[in-house]
Amino acid sequence: MKRYILGLTALLISNGSAHAQDAAEAAGAATIDEWVNSAVAPVSSAVSSVIFYSVDFAGTEFPLIVGWLVVAAAIFTVYFGFVQFRKFGHALALVRGDYSDPNDAGEVSHFQALATALSGTVGLGNIAGVAVAVSLGGPGATFWMIVAGLMGMASKFTECTLGVKYRNEYPDGTVSGGPMYYLSKGFAERGMAGSGRVLAVIFAVCCVGGSIGGGNMFQSNQAYQQVVNVTGGESSILAGNGWLFGLIMSIALGVVIIGGIKSIARVTEKIVPLMAIIYIGACLIIIAVNSDKIAWAFGEIVNGAFTGAGVAGGVVGALIQGFKRAAFSNEAGIGSASIAHSAVRTKEPITEGYVALLEPFIDTVVICTMTALVITISGTLSTGLTGVELTSAAFATVVPWFPIVLTVAVVLFAFSTMMSWSYYGLKAWTYLFGESRAMDLLFKLIFCCFTVLGASMNLGPVIDFSDSMIFAMAIPNIIGLYVLMPVVRSEAEAYWSKLDAGIIRNFRHARS
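To keep things clear, this report deals only with the structure shown in the data block. (Residues numbered from 1 in each chain as written. Predicted model: local features only at pLDDT ≥ 70, side-chain atom pairs only at ≥ 80, totals over all residues. Heavy atoms only, no water.)

**Some remarks on the overall build of the chain**
So, point 1. Along its length, the chain carries 24 helices and four strands.
So, point 2. Put simply, the chain has 512 residues, and 58% of those count as buried.
So, point 3. Surface accessibility of the chain: about 19000 Å² in total, with carbon and sulfur atoms responsible for 66%. (Helix = DSSP H or I, 4+ residues; strand = E, 2+ residues; numbered from the N terminus. Buried < 20%, exposed > 50% of the residue type's maximum accessible area, 1.4 Å probe, protein only. Areas by Shrake-Rupley, 256 points an atom, 1.4 Å probe, with all protein chains shown as cover.)

**Quick notes on empty space enclosed by the protein**
So, point 1. On inspection of all chains with the given rule, the structure shows three cavities of 30 Å³ or more.
So, point 2. Mapped by element, the contributors of at least two residues to the lining of the largest cavity are α4 (64–79), α9 (140–165) and α15 (314–330).
So, point 3. Grouping the amino acids of the lining of the largest cavity by side-chain chemistry returns nine nonpolar, three polar and no charged. (1 Å grid on protein atoms, 1.4 Å probe; cavity = no way out; pocket = protein on both sides within 12 Å on 5 of 7 lines; lining within 4 Å. Points joined across faces, edges and corners; volume = space filled by probe spheres on them. Nonpolar A, V, L, I, M, F, W, Y, C, P; charged D, E, K, R; others polar.)

**A closer look at the pattern of salt bridges**
So, point 1. Summed over all chains, the structure comprises six salt bridges.
So, point 2. One salt bridge connects R190 with E189, and the closest N-O pair in it is separated by 3.5 Å.
So, point 3. When its relative accessible area of 33% is taken as the criterion, R190 is described as partly exposed. (Salt bridge = Lys/Arg side-chain N within 4 Å of Asp/Glu carboxyl O.)

**Some points on a nonpolar patch on the surface**
So, point 1. A cluster of nonpolar side chains, namely W243, L244, L247, I248, I251 and V255, defines an oily patch on the protein surface of about 580 Å² accessible area.
So, point 2. Relative to the helices and strands, I248 resides in helix α12 (residues 242–257).
So, point 3. The exposed category is assigned to I248, whose relative accessible area is 52%. (Patch = residues over 30% accessible without salt bridge, like charges linked within 9 Å, V, L, I, M, F, W, Y side chains within 5 Å.)

**Concerning the layout of surface pockets**
So, point 1. By volume, the second largest pocket is sized at about 350 Å³.
So, point 2. As for the second largest pocket, its lining consists of 19 residues, of which T174, K427, E435, R437 and D440 are closest to the centre.
So, point 3. Residue assignment for the lining of the second largest pocket shows that the elements contributing at least two residues are β4 (175–176), α13 (260–289), α20 (402–433) and α21 (437–456).
So, point 4. Looking at the lining of the second largest pocket residue by residue, the class counts come to six nonpolar, six polar and seven charged.

**Let's talk about unusual backbone geometry**
So, point 1. A positive phi angle is found at F82, which is not glycine, with a value near 55°.
So, point 2. The phi dihedral of E331 is positive, around 55°, even though this residue is not glycine.
So, point 3. Considering the arrangement of structural elements, one finds E331 in the loop between α15 and α16 (336–341).

**Details of the nonpolar core**
So, point 1. Judged by nonpolar contacts, the single largest core of 147 residues is most densely connected at Y279, Y354, F395 and Y424.
So, point 2. With 17 residues, the top contributor of residues to this core is α20.
So, point 3. Excluding its chain neighbours within four sequence positions, the residues that come into contact with Y354 are V83, K87, H90, A91, L94, F157, A492, Y495 and W496. (Core = buried A, V, L, I, M, F, W, Y, C linked by side-chain atoms within 4.5 Å. Contact = heavy atoms within 4.5 Å.)

**Concerning the environment of L441**
So, point 1. When you line up the elements, L441 lands in helix α21.
So, point 2. Along the sequence, L441 and L426 sit 15 residues apart, while their C-alpha atoms lie 9.3 Å from each other.

**Re helix α6 (residues 88–96)**
So, point 1. Of the residues making up α6, those classed as buried are H90, A91, A93, L94 and V95.
So, point 2. The secondary structure elements touched by the buried residues of α6 are α7 (110–121), α17 (349–356), α18 (358–378) and α23 (474–501).
So, point 3. G97 occupies a position one or two residues after α6 and carries a positive phi of about 95°.

**Quick word on the packing of aromatic side chains**
Each aromatic ring pair is described using two quantities: the centre-to-centre distance and the angle formed by the ring planes.
So, point 1. On inspection of all chains with the given rule, the structure shows 23 aromatic pairs.
So, point 2. Judged by centre distance (5.6 Å) and plane angle (45°), the rings of F76 and Y482 are tilted. Here Y482 lies in helix α23 and F76 lies in helix α4, a separation of 406 residues in the sequence.
So, point 3. Following the ring pairs from residue to residue traces out a cluster consisting of Y79, F80, F157, Y354, Y495 and W496.
So, point 4. The ring of Y79 carries the charged tip of R489 above its face, separated from the ring centre by 3.9 Å. (Phe/Tyr/Trp six-rings, centres within 6.5 Å; stacked < 30°, edge-to-face > 60°. Lys NZ or Arg CZ within 6 Å of the ring centre and 35° of its normal.)

Below, the structure written as structure tokens:
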């Protein structure tokens, strides 16, 4: 678990420890979170400045990592002939189970794999992140967010096909897959075994760090803050008791993740539709109440996309904010989702690629757009608020207690994200340290402990570091996708040949 656990030990021991302790003593404060933040801050700032290095475009800062993701999505879209539009219907058929053979290797169904991956991407970014994008880039950012989300579907298609193609299948029926495996095994097929192993290790280390921070501590921290806000703020019974909230979340999380991917999938296939219904239902109510403004809101979105009126950076500002939000929300190209999709029951890797392309559509095109539309249509964009406060204010314009509904959604989003990222981190951990029951349980215990810490500490630099780790995953992953995308094309051609020849059956029709 290099650079994360050791990033809270080695860092404390080396340049961070002495510096942090001296600073804390000088300030007369030696709280744990101040000590940890001071220790991690120097490394966090250095890593963030590299991963999120930005260039100025028309007065707006554009992180190059976003360009790395968006350009890749555009290339995959063209290379695979706009697969996200041509095969959208077939993807829905696969999710319904039309071509699912229960005897295939794997642990979960197509729907369960999709739900698990969605639970990892549909989260606080859909609520708070979209609000930030719209407040900075105006309604026009929504248009570019949708464009980037549609292109990102091709990235998910590519990486999740490879995740199944190169996964490890074990005698007990369990599987391990993801970028670690297609980087090492796929590159080895091309005589680049050394490069593949290096990229795989870099990816795995970053995935472990990102899972514990951004996929866990940040989620429990923000869920706690939202619950405190709607239960009385400083007078809330939970105020100052983040550890208690974190402990409850940790116990609930432990009950689920100890059972592995099958247990996680059983929960996510129920919780993802539930949280979508709650959140989208609330959004639709707000939109219905303001139905007379729908046409105006869409006009603002389209007009703002090409004029950038009133937005810093104009059109470029709107475009950058939209692209940033889509990239940060659906994680297309990051490689994380391919770990969950690799557990699917199938002998045709390309089928999960088709299923996976639905993920950015649901996450970005549907849910993120709903948030942006509610904010635009409610008239709260001019309040000066941002983040979850802006979204909460938009909800409150219709019914004063709607922020409570938002809180339920936030907690569900956070919990589901933590479940999925526990699995991502686990598979990266076992890739680094070996597949064993002991390593499995050790990581899960560590993960649950950090859930408590996340809710009870002020973790600015720690979260910045973990976010950097998540997006650093995109660097080795996309290099691998470029090298291996011909494999995906070959898989697609072979699959459709079998389907046309009747070798692959429609099991749903056969059952009926």
